Amino acid sequence: AQRVTQPEKLLSVFKGAPVELKCNYSYSGSPELFWYVQYSRQRLQLLLRHISRESIKGFTADLNKGETSFHLKKPFAQEEDSAMYYCALSPLSGGYNKLIFGAGTRLAVHP
Amino acid sequence: DAGVIQSPRHEVTEMGQEVTLRCKPISGHNSLFWYRQTMMRGLELLIYFNNNVPIDDSGMPEDRFSAKMPNASFSTLKIQPSEPRDSAVYFCASGQIGNTIYFGEGSWLTVV
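Worth saying up front: this structure is predicted, and the values here are computed from it rather than measured.

## Notes on the state of the cysteines
Step number 1: Applying the stated criterion to the full structure yields 2 disulfides over all chains.
Step number 2: What pairs with A:Cys23 in a disulfide is A:Cys87, and their sulfur atoms sit 2.0 Å apart. Between A:Cys23 and A:Cys87 the disulfide shows an S-S torsion of about -65°. By sign, it is left-handed. Linking A:Cys23 in the loop between strand 3 (19-21) and strand 4 (24-26) with A:Cys87 in strand 9 (residues 83-90), this pair joins segments that are 64 residues apart in sequence.
Step number 3: Residue A:Cys87 is classed as buried on the basis of its relative accessible area of 0%.
Step number 4: Across the disulfide, B:Cys23 is cross-linked to B:Cys92 (sulfur-sulfur distance 1.9 Å). Its S-S torsion of about -70° marks the bond between B:Cys23 and B:Cys92 as left-handed, since a negative value means left-handed. Highlighted residues: B:Cys23 in strand 3 (residues 19-24) and B:Cys92 in strand 9 (residues 88-95), separated in sequence by 69 residues.
Step number 5: We classify B:Cys92 as buried; its relative accessible area is 0%.

Below, the structure written as structure tokens:
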């Protein structure tokens, strides 16, 4: 079964604190993993995809195939990082690129 | 490019009425997706198209929901008859096969 699990509904931190948003996936093949961010009442925007290995807005994520995880990290949180974060999986088989989303984690960064 | 364009942005309708949501994907994209977002269930994939052909509609909740893509630049999601439990944000997204998917701003539907 294809599944994405984000165990935390809410993560609350203070400005400047490190952040780690957890994501685990279940898929029998080699998926592509993404992080999307949704600011209040806006569209979902791509934050990261694992194949690009970029750092966007200070966020990084490493795919750990052994632990089937793709946790999102940032060393120093900013208030503007407050948003909903969704981890997503795209099965590579079949050439189709549908996204399966986790339930999302709300990050609240307090001053 | 203006991105994925959805209409209407907001709709309030009475139970039993027909609702039609519209989507214009990004030019050149050959995949189109309809997602529903609710507090209880998060983001659910309803249906997706490749090259205007429906590939997977297993997420469509029931026969009251239907989606069409008559050409590469337009898609509709129809609910008939609508029910209060259909209240949600409906997102359309598009992409090229194997590449990033881009989302529209969503259609906020309230059925009273």
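Alright, that's what it looks like, and here's the rest.
## A closer look at the interface of chain B and chain A
Step number 1: With 23 residues of chain B in contact, the opposing surface of chain A contributes 16 residues.
Step number 2: Carbon and sulfur atoms supply 53% of the area buried between chain B and chain A, which totals about 1,800 Å² over both sides.
Step number 3: The largest contributions to the chain B side of the interface with chain A come from B:Leu43, B:Thr100 and B:Phe103, which together make up 28% of the buried area.
Step number 4: In this assembly, chain B and chain A are joined by 2 salt bridges.
Step number 5: A salt bridge links B:Asp56 to A:Lys98; the shortest N-O distance between them is 3.3 Å.
Step number 6: At the boundary of chain B with chain A, the tally comes to 8 residue pairs in polar contact (both at pLDDT 80 or more).
Step number 7: At the level of secondary structure, the elements contributing two or more residues to the side of chain B that touches chain A comprise strand 4 (31-38), strand 5 (42-50), strand 6 (53-56) and strand 10 (101-103) of chain B.
Step number 8: Of the residues in the side of chain B that touches chain A, the class split is 12 nonpolar, 9 polar and 2 charged.

## Regarding the packing of aromatic side chains
Step number 1: Scanning the model with the defined rule gives 11 aromatic pairs over all chains in all.
Step number 2: On the basis of an interplanar angle of 70° and a centroid distance of 5.9 Å, the ring pair of A:Phe101 and B:Phe103 is categorised as edge-to-face. A residue pair is termed interchain when its members come from two chains, as with A:Phe101 in strand 10 (residues 100-101) and B:Phe103 in strand 10.
Step number 3: Relative accessible area serves as the criterion here: at 9%, A:Phe101 is assigned to the buried category.
Step number 4: Look at B:Phe103 and you get buried, because its relative accessible area is 2%.
Step number 5: In this structure, A:Arg41 is placed above the aromatic ring of B:Trp108, and the distance from its NZ or CZ to the ring centre is 4.4 Å.

Rules used in this analysis
- Within every chain, residues take consecutive numbers counted from 1 along the sequence as written.
- Chains and ligands are labelled by the order in which they are written, letters from A for the one and numbers from 1 for the other.
- Selection of residues for local features in this predicted model requires a pLDDT of at least 70, selection of side-chain atom pairs for listing and counting requires 80 or more, and totals for whole chains, interfaces and linings are taken over all residues.
- Side-chain metrics rest on all non-hydrogen atoms present in the structure, leaving aside hydrogens and water.
- For this text, the term disulfide refers to a pair of cysteine sulfurs within 2.5 Å.
- Helix numbers and strand numbers start at the N terminus; a helix is a DSSP run of H or I with at least 4 residues, a strand a run of E with at least 2.
- Only protein chains enter the accessibility calculation, which uses a 1.4 Å probe; a residue whose area is less than 20% of its type maximum is buried, one above 50% is exposed, and one in between is partly exposed.
- Throughout, a residue-residue contact means that at least one pair of heavy atoms, one from each residue, lies within 4.5 Å.
- Take the accessible area each of two parts loses on contact, using a 1.4 Å probe, and add the two losses: that sum is the buried area.
- When a carboxyl oxygen of Asp or Glu lies within 4 Å of a side-chain nitrogen of Lys or Arg, that pair is called a salt bridge.
- Any pair of N or O atoms that falls within 3.5 Å is considered a polar contact. Within protein, one atom must be able to donate a hydrogen and the other to accept it, and sequence-neighbouring residues count only if both atoms are side-chain atoms.
- When residues are sorted by character, Ala, Val, Leu, Ile, Met, Phe, Trp, Tyr, Cys and Pro go into the nonpolar class, Asp, Glu, Lys and Arg into the charged class, and all the rest, Gly among them, into the polar class.
- Pairs were defined over the aromatic rings of Phe, Tyr and Trp, the Trp ring being its six-membered one, requiring ring centres within 6.5 Å. Orientation was assigned from the angle between planes: stacked under 30 degrees, edge-to-face over 60, tilted for the rest.
- We call a charge positioned above a ring when the Lys NZ or Arg CZ atom is no farther than 6 Å from the ring centre and deviates by at most 35 degrees from the ring normal.

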